[in-house]
Amino acid sequence: MARQALIVGEAAGGDDNVEQTLDRFGFSRVTRVANVIAAMEFLGHQHVDLVLVPVEELDEAHLGRLDRAIRRERHTAVIGTAPRADPEFMLRAMRAGIQEFLVRPLVPAELSASLERLVRRTETTTVNGQVYAVFGAKGGMGTSSVAVNLADSLARLHPKQRIAIADLVVGGGEARLLLNVNPPYDLGDVADKAGRIDAEMLKSVLVPAVDGVWLLAAPERPEAEDSIDATVVSNVIQELRQAYHHIVLDCEHAMNDRTLAALDAAERIVLVTQLSVSSMRATQRSLAIFRRLGYPNDKLCIVINRYQSGEVISPTDAADLLKSEIFFKLPNDYKASSDASTRGLPLSIADAQSKLTWAYAQLAQKLSGGEAPLADPSGARSNGSGSKLRSLFSRKKG
């Protein structure tokens, strides 16, 4: 059946070609009204599948009426437009429950991308996504880089599935920088509407980062920390499960309520560490907490980052000290990793031939149920220094 679109005032910027784009996505019935008041009257009498509305014309009364109309007609999608990407216009759109925001004059490719996302959100199929919480016991271990590249590798391994990465590092998240995106909304905006967190709302906040990966960015506003609690994190993860096949969580280093909510919800905890004394001590403390929390051994996946042969501590030493097997080793490739971070690209794009790119692909395969990884090309071997290190870690505090 043909779907109906409603264009309000100058929302389309006077571009008649907009109707051709709408028609390609099944919106073959297009009605134009002069202003927001007329649009509200129209919405009160007829079902509309899509509304294009000029955000700058919405006052507080209009925002309230539009919000109620969207709540009443849950299958009505809304695209807000404005003459410029003004943060005030974007926030106004968010408050009204508008799912997409575009700048006029409308660019056909951007309108098509918005329509594609909106059509995808109307799909009723839900999935029971797998959640991977990437956690580092201390800062400086490359946890965010691991999270971003794991998400990208999952997308390449499962090209027909949807992958999400949620940056839960409140006040210091780096995923948007590592993926070179500047999202209009973030986790702080989601928390501001905590009573309305659902899959549709989250899909309007997540932005495409690289092919197959959607990002929920961490907030940059310091005050957002007050509104993001464990309940918000749990609700976000629950809704992401319904729409994405694999969800990667970039967790804070602090063991606070938000972090615990993320760790509790995850099927796998990717515990990032390095082969240094300080990293081992921090990882020991984290593992002790996880065991008191009753996490099963198969939930805990210890990943050594920046591994290179000849370390004072070997992987065998680490497994002995931590009383856990090492799940995977990510080789040290500083040049490739630094270049990718600087350019805001995943390693698979910045340097497809890097041994670290290969390793991330193998890690994604091992985590998501694929075949066991091939032999580690780095040729890592134990250096036989276990007894000396055991004495270091068994010293009593004086």
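Residues numbered from 1 in each chain as written. Predicted model: local features only at pLDDT ≥ 70, side-chain atom pairs only at ≥ 80, totals over all residues. Heavy atoms only, no water.

### Description of the nonpolar core
Nonpolar side chains in soluble globular proteins tend to end up buried together. Ranked by size, the top nonpolar core spans 114 residues in total, and within it Leu 150 and Leu 249 carry the most contacts. Of all the elements, helix α6 (residues 143-157) adds the most residues to this core, at 7 residues. By size, the runner-up hydrophobic cluster in this structure holds 16 residues, among which are Ile 7, Ala 12, Leu 22 and Leu 52. (Core = buried A, V, L, I, M, F, W, Y, C linked by side-chain atoms within 4.5 Å. Buried < 20%, exposed > 50% of the residue type's maximum accessible area, 1.4 Å probe, protein only. Helix = DSSP H or I, 4+ residues; strand = E, 2+ residues; numbered from the N terminus.)

### Re the layout of surface pockets
Each pocket or cavity is described by its volume, and for the largest pocket that value is around 830 Å³. In terms of lining, the largest pocket is formed by 30 residues, of which the most central are Met 90, Asn 182, Pro 183, Pro 184 and Tyr 185. Where the lining of the largest pocket is concerned, the elements lending two or more residues are α4 (87-95), β5 (100-103), α5 (108-121), α8 (187-192), α9 (199-205) and β8 (207-210). No other element matches the 5 residues that α5 contributes to the lining of the largest pocket. Within this model, the second largest pocket holds a volume of roughly 520 Å³. Forming the walls of the second largest pocket are 26 residues, and the residues nearest its centre are Gly 142, Thr 143, Ser 145, Arg 306 and Ser 341. (1 Å grid on protein atoms, 1.4 Å probe; cavity = no way out; pocket = protein on both sides within 12 Å on 5 of 7 lines; lining within 4 Å. Points joined across faces, edges and corners; volume = space filled by probe spheres on them.)

### Some words on the environment of Val 53
Within the secondary structure, Val 53 sits in strand β3 (residues 50-54). The exposure class of Val 53 is buried, given its relative accessible area of 4%. Separated by 17 residues in sequence, Val 53 and Val 36 place their C-alpha atoms 7.5 Å apart. With near-sequence residues (within four places) excluded, Val 53 lies in contact with Val 8, Ala 11, Val 36, Leu 58, Leu 66, Val 78, Ile 79, Gly 80, Thr 81 and Ile 98. (Contact = heavy atoms within 4.5 Å.)

### Side note on the environment of Gln 274
With respect to the helices and strands, the residue Gln 274 is situated in the loop between β11 (268-273) and α12 (277-292). Taking the relative accessible area as the measure of exposure, Gln 274 reaches 17% and is therefore buried. Along the sequence, Gln 274 and Ile 313 sit 39 residues apart, while their C-alpha atoms lie 9.3 Å from each other. If sequence neighbours within four positions are ignored, Gln 274 has contacts with Gly 140, Met 141, Ser 279, Met 280, Asn 305 and Arg 306. Of note is the side chain of Gln 274, whose polar atom sits 3.5 Å from the backbone oxygen of Gly 140. (Polar contact = N/O pair within 3.5 Å; in protein donor to acceptor, adjacent residues only side chain to side chain.)

### Examining the packing of helix α10 (residues 230-243) against helix α11 (residues 257-265)
It is the contact of α10 with α11, at a shortest axis distance of 8 Å, that shows an interaxial angle of 30°. Accordingly, the angle class assigned to the pair α10 and α11 is roughly parallel. In terms of crossing hand, the pair formed by α10 and α11 is right-handed. Contacts between α10 and α11 involve Ala 230, Val 233, Ser 234, Ile 237 and Arg 241 from the first element and Asp 257, Arg 258, Ala 261, Ala 262 and Ala 265 from the second. Here the contact of α10 with α11 is built from residues that sort into 6 nonpolar, 1 polar and 3 charged. (Axes fitted to C-alpha atoms, helices over the stretch in contact; angles between N-to-C directions. Parallel < 35°, antiparallel > 145°, perpendicular 65-115°, else oblique. Left-handed = near helix turned anticlockwise from the far one by under 90°. Nonpolar A, V, L, I, M, F, W, Y, C, P; charged D, E, K, R; others polar.)

### A closer look at the packing of aromatic side chains
This structure, assessed with the given rule, holds 2 aromatic pairs. Look at Phe 135 and Phe 290: their rings are 5.9 Å apart centre to centre, the planes differ by 65°, and that puts the pair in the edge-to-face class. Of the two residues, Phe 135 sits in strand β6 (residues 130-136) while Phe 290 sits in helix α12, which places them 155 residues apart along the sequence. The two residues Phe 135 and Phe 290 agree in class, both being buried. Ring geometry for Phe 290 and Tyr 295: centres 5.6 Å apart, planes at 40°, overall tilted. Joined through ring pairs, the aromatic side chains of Phe 135, Phe 290 and Tyr 295 make up one cluster. Lying across the ring of Tyr 295, Lys 299 places its NZ or CZ 4.3 Å from the centre. The ring centre of Tyr 307 lies 5.9 Å from the NZ or CZ of Lys 329, which sits over that ring. (Phe/Tyr/Trp six-rings, centres within 6.5 Å; stacked < 30°, edge-to-face > 60°. Lys NZ or Arg CZ within 6 Å of the ring centre and 35° of its normal.)

### Notes on the sheet that holds strand β2 (residues 29-33)
Pairing is parallel in the open sheet, where 5 strands are placed in the order β2-β1-β3-β4-β5. The sheet is open, and its two edges are formed by β2 and β5, each paired on a single side. Each strand axis lies, on average, 20° off the axis of its neighbour in the sheet, ignoring direction. As judged from the 5 bridges shared by β3 and strand β4 (residues 77-82), these two strands associate in the parallel manner. If you follow Leu 50 over to β4, its bridge partner there is Ala 77. Together, β1 (4-8), β2 and β3 form the strand contacts of helix α2 (residues 36-43), whose direction differs from that of β1 by roughly 155°. (Pairing = 2+ DSSP bridges.)

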